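Structural features, examined
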Amino acid sequence: MNEIHLSKSKYCRAIQCNKMLWLEKNKPEEKGEMDNQAVLDNGTKVGELAKGIFGNYTNIEYDENLDKMIYDTKEALKESSNIITEASFKYKNNFCSIDILKVNGNSVEIYEVKSSTEIKDIYLDDISYQFYILNKLGYKVTKASIVYINNQYIRHGELNLSELFNIEDVTDIVQEKRKEIEAKIKEINKYMKQEDEPKQEIGMQCFKPYQCQFWKYCTKHLPEHNVFQIRKMHKDKALKFYYEGKINFKDLLEEEMNWKFKQQIEFQEFNYEPHIDKQKIREFMKNLYYPIYFLDFETMQPAIPEFDNSKPYQQIPFQYSLHYIEKENGKLFHKEFLAESGTDPRRKLAEQLVKDIPKDVCVTAYNMMFEKGRIKELAEIFSDLSEHLMNIHDHIQDLMIPFSERMYYCKDMQGSYSIKYVLPALFPNDPELNYHNLPLIHNGGEAMNIFPKIKDMSKEEQKKARYGLLKYCELDTYAMVKVWEKLKEV
Ligand code: SF4
């Protein structure tokens, strides 16, 4: 029996970088962790749902023994199943499972399902690899299509699969790639036989189409403060400096670049005292007045719209924290809302929000475009609350501005104006403001991941998860209060 060397995901990884595949096989312990569980969960749900796009189907169950899947596929084909999902095939050492296979007598159509809202080049490589295997096995493949999410779909009632998914025929492109694939498979097989670690310079392939999980390993030779740490510098620009040998911050001091990049480098290199433009901060602070509210939302982004009047990947707010002070030297109060997992959280959240925030008060958010966007969406679907919601919307001020516009900057912000950098830079070693000290939830990604899962947890786990969410969101707005106090102080 032939050993299986390639699968469609391995083939795609090799398209991005051969070395990635080599390291996966030979140094798997060097692989960094993937930080996007929500993306994976979305992918799984989309894949399952899309199986039903053409109606009834025969599913080939996943089995560690891939030959069993191949056998089951043959049986399903013998039974003249019209639609087979996860149909599995092998040609030499190349294995693939086809998301949806449509069988029409002697010919077949292949459908590759993606949870994204657009077609990326790598998807074409993915489906071309499947097309190649089926062709080599003697199947007549009449069509190859990518099934992906239509982000314009708005759910009303039952999910409408034919509206939720776009299907794009890419047969022509796949036909053109045929020769390329054979050559690529040969190249991969040769590459994977190498015993010594292959030499491969870092490049754009490390970031596109996906951030490579071996980045830390492949850049272990770089100094601590290097060109790739310049916040928001385009990767191609950073790579250009890198190839020119300008890697350390000190090598970059004389280079032409955006003043914000330069500021980050100079503050790091010369250990400058914080830059505080008191005049500009004073001007900014004139926009804030009592009563002052500090608002922060947590949201989830399901690929498949779970509720009426929502689109794929729409940000659905399910929680907020609110601190407020009514007058100068007044007491700090706190209110919060956390929806029941598994229900549409928006109506209750909107109702509570208009109870908790009176009209015409000063509301602050950190990165207000986000909070304003969510409030506007709520106002659009709840016309009876719209006036009050839009009043809140119109009174929002952005506490991020003093940092994004560098009115206040210090070395430890490392070029970032995210509150996760600003806070420890302004209040170093304050355990009360340290996100690492929180129970269970430490960032927005974790909050987004856990909320939809709470409904399936035991009572005890639910309690812990809800407590973790409340504490996390509370710290977000408490951090804003501290930032505002700091700005007042200066
Ligand atoms: S970090 Fe870059 S060079 Fe290293 S394996 Fe990944 S893609 Fe290849």
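To be clear, the structure that these remarks concern was listed above.
As a starting point, this report considers the structure included with it.

**Describing the side chain of E109**
- Relative to the assigned elements, E109 resides in strand β4 (residues 107–113).
- There is no salt bridge for the buried E109, and the closest opposite charge comes from K102, which lies 4.2 Å off by N-O distance.
- Side chain to side chain, E109 and Y111 meet in a polar contact 2.4 Å long.

**Brief notes about the site of the ligand**
- Taken together, C17, M20, L23, Q200, Q205, C206, C212, F214, W215 and C218 make up the full set of residues near the ligand.
- Elements represented by at least two residues in the shell around the ligand include exactly α2 (18–26) and α9 (215–218).
- Of the residues belonging to the shell around the ligand, the class tally is eight nonpolar, two polar and no charged.

**As for a negative patch on the surface**
- Together, E168, D169, D172 and E176 make up a negatively charged patch on the protein surface.
- Among the secondary structure elements, those contributing two or more residues to the negative patch are β6 (165–169) and α7 (171–176).
- Considering the arrangement of structural elements, one finds E176 in helix α7.
- With a relative accessible area of 70%, E176 lands in the exposed category.

**Details of the state of the cysteines**
- Counted according to the given criterion, the structure contains zero disulfides.
- The closest cysteine sulfur to the non-disulfide-bonded C96 is located on C12, 11 Å from its own sulfur.

Conventions we followed
- Residues numbered from 1 in each chain as written.
- Predicted model: local features only at pLDDT ≥ 70, side-chain atom pairs only at ≥ 80, totals over all residues.
- Heavy atoms only, no water.
- Helix = DSSP H or I, 4+ residues; strand = E, 2+ residues; numbered from the N terminus.
- Buried < 20%, exposed > 50% of the residue type's maximum accessible area, 1.4 Å probe, protein only.
- Lys, Arg positive; Asp, Glu negative; His and termini not counted.
- Salt bridge = Lys/Arg side-chain N within 4 Å of Asp/Glu carboxyl O.
- Polar contact = N/O pair within 3.5 Å; in protein donor to acceptor, adjacent residues only side chain to side chain.
- Near = heavy atom within 4 Å.
- Nonpolar A, V, L, I, M, F, W, Y, C, P; charged D, E, K, R; others polar.
- Patch = residues over 30% accessible without salt bridge, like charges linked within 9 Å, V, L, I, M, F, W, Y side chains within 5 Å.
- Areas by Shrake-Rupley, 256 points an atom, 1.4 Å probe, with all protein chains shown as cover.
- Charge placed at Lys NZ, Arg CZ, Asp CG, Glu CD.
- Disulfide = S-S within 2.5 Å.

The values reported here are purely geometric and, on their own, carry no functional implication.
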